[in-house]
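What follows is each chain in one-letter form.
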Amino acid sequence: MALKGLKEIDGKKFIDATTMSLDDWLALLNSDRAQNTVFISWAFPTHAMQDEYLKTIHKRTDKDVINLIRNFLVPSGSLGSDDYKLDYLLYCSQHNKEQYRRLMETEYYKRLLKGYIKGNVWEGNTWVIDLLPHWPRLALDALDAYLQAHCQFLPDGRLDGLADAMALIRAKFIQTPRSALLSSLNPYRFEHLIDALYMEMGYSTTLTQMTHDGGRDIIAEKSGAAKREKLLIQCRRSRHNIGVDAVRSLLGIVSNEKATKGVLVCTSRFTPSARKLEKENSRLELIDHEDLQQLLNEHLGPAWPNHIDYHIKESLSKTRKSRSLG
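All values derive from a computational prediction rather than experimental measurement. (Residues numbered from 1 in each chain as written. Predicted model: local features only at pLDDT ≥ 70, side-chain atom pairs only at ≥ 80, totals over all residues. Heavy atoms only, no water.)

1. Topic: the packing of helix α2 (residues 47–55) against helix α8 (residues 156–173)
Two measures define how a pair of helices packs: the angle their axes make with one another and the distance between the axes. Axis separation between α2 and α8 bottoms out at 11 Å; the angle between their running directions is 20 degrees. It follows that α2 is roughly parallel to α8 by the angle criterion. By crossing handedness, the relation of α2 to α8 is classed as right-handed. Contacts from Gln50, Tyr53 and Leu54 in α2 reach Asp164, Ala167, Leu168 and Ala171 in α8. (Axes fitted to C-alpha atoms, helices over the stretch in contact; angles between N-to-C directions. Helix = DSSP H or I, 4+ residues; strand = E, 2+ residues; numbered from the N terminus. Parallel < 35°, antiparallel > 145°, perpendicular 65-115°, else oblique. Left-handed = near helix turned anticlockwise from the far one by under 90°. Contact = heavy atoms within 4.5 Å.)

2. Here's the deal with the environment of Leu132
Its location among the elements puts Leu132 in the loop between α6 (107–115) and α7 (136–150). Classification of Leu132 as buried rests on a relative accessible area of 8%. Non-local contacts of Leu132, meaning those with residues more than four positions away in its chain, are made with Ile66, Ile69, Ala139, Ile169 and Phe173. (Buried < 20%, exposed > 50% of the residue type's maximum accessible area, 1.4 Å probe, protein only.)

3. Concerning the side chain of Thr271
Its place among the elements puts Thr271 in the loop between β7 (261–266) and α12 (272–280). Using a relative accessible area of 19% as the deciding quantity, one classes Thr271 as buried. Of note is the side chain of Thr271, whose polar atom sits 3.1 Å from the side chain of Ser273. Among residues more than four places away in sequence, those in contact with Thr271 are Asn241, Ile242, Gly243 and Val244. (Polar contact = N/O pair within 3.5 Å; in protein donor to acceptor, adjacent residues only side chain to side chain.)

4. Considering the sheet that holds strand β6 (residues 228–236)
Read from one edge of the open sheet, 5 strands run β4-β5-β6-β7-β8, paired in mixed fashion. In this open sheet, the two strands that pair with only one neighbour each are β4 (204–207) and β8 (284–287). Across the sheet, the mean angle separating the axes of adjacent strands is 20 degrees when strand polarity is ignored. As paired strands, β4 and strand β5 (residues 218–223) are joined by 4 bridges and run antiparallel to one another. When the sheet's bridge partners are listed, Leu207 is paired in β5 with Ile218. (Pairing = 2+ DSSP bridges.)

5. A few points about the pattern of salt bridges
With the rule as written, the count across this model stands at 20 salt bridges. As a salt-bridge pair, Arg102 and Glu98 come within 3.4 Å of each other at their nearest N and O atoms. With Arg102 and Glu98 both in helix α5 (residues 97–103), this residue pair falls 4 residues apart, about one helical turn. Take Glu98: its relative accessible area is 37%, and that puts it in the partly exposed class. Of the charged contacts in the structure, one is a salt bridge between Glu285 and Lys261, with a shortest N-O distance of 3.9 Å. Remark: Lys261 occurs in strand β7 and Glu285 occurs in strand β8; sequence separation between them is 24 residues. (Salt bridge = Lys/Arg side-chain N within 4 Å of Asp/Glu carboxyl O.)

Below is the structure:
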């Protein structure tokens, strides 16, 4: 592979990765040449390159995507920007005692002062890889927390890299193409899958009797520090869009039972008038097939179709036990 724009400065080879094609950049990234070449490897060199990769991400293997994510994460050790921050810290220690005191209240500057010589400034986040592909939501939450804690100290390139890593996780392991499996489930198994989903989301759930459900299939409850939630969930397997009448009926049930929210989960879509009613009422939540697949991927993992019988079994076992005790 010929590298366009290759220059050699002080014995080091530099390349302008923004001039490369996506395929050439990926090939360089995964080649032995990457060790002796300085180029943008910690993030996508251009937005166009990121867009091109995301368009084809579902044709790529989990292993290939995870390997790219690894390049975008922050390794343990030191970064080039630490040199300038250390210079500033040392300057403040001599000329601006108050600023020095404020800086030394942060964990980053404490690590910088103690660990710079040994190269132990950054506590990296490459361990997030161990959460993939099974727990993408936890991986996103971990990276979001890392960004919140370190955004003022990380160089712009590393911030771009973490944002790219999060985009890859979301696109590959959460926003997967629509599965025909959902619409193929019978109503009974579909309800148990939704029940398993809300159990995984931390709710205590109860499935109602199918012949006497009172307009709700699942009651999901959760007690938090701020308030107690009670959700009334309807499950609709349908090939046709769900209209405003069904949503208005659910809202009436929510009001009568003084529930926190009514949730309507379907395998199709909702009409514009149904969505309008949802926007006007905070006690309504409409989950269409795309929203549902993202929730399933986030909380049951992107491989949930392979384990669907296990999840349904867990719901069935819980329901039978609770009814036998009742």
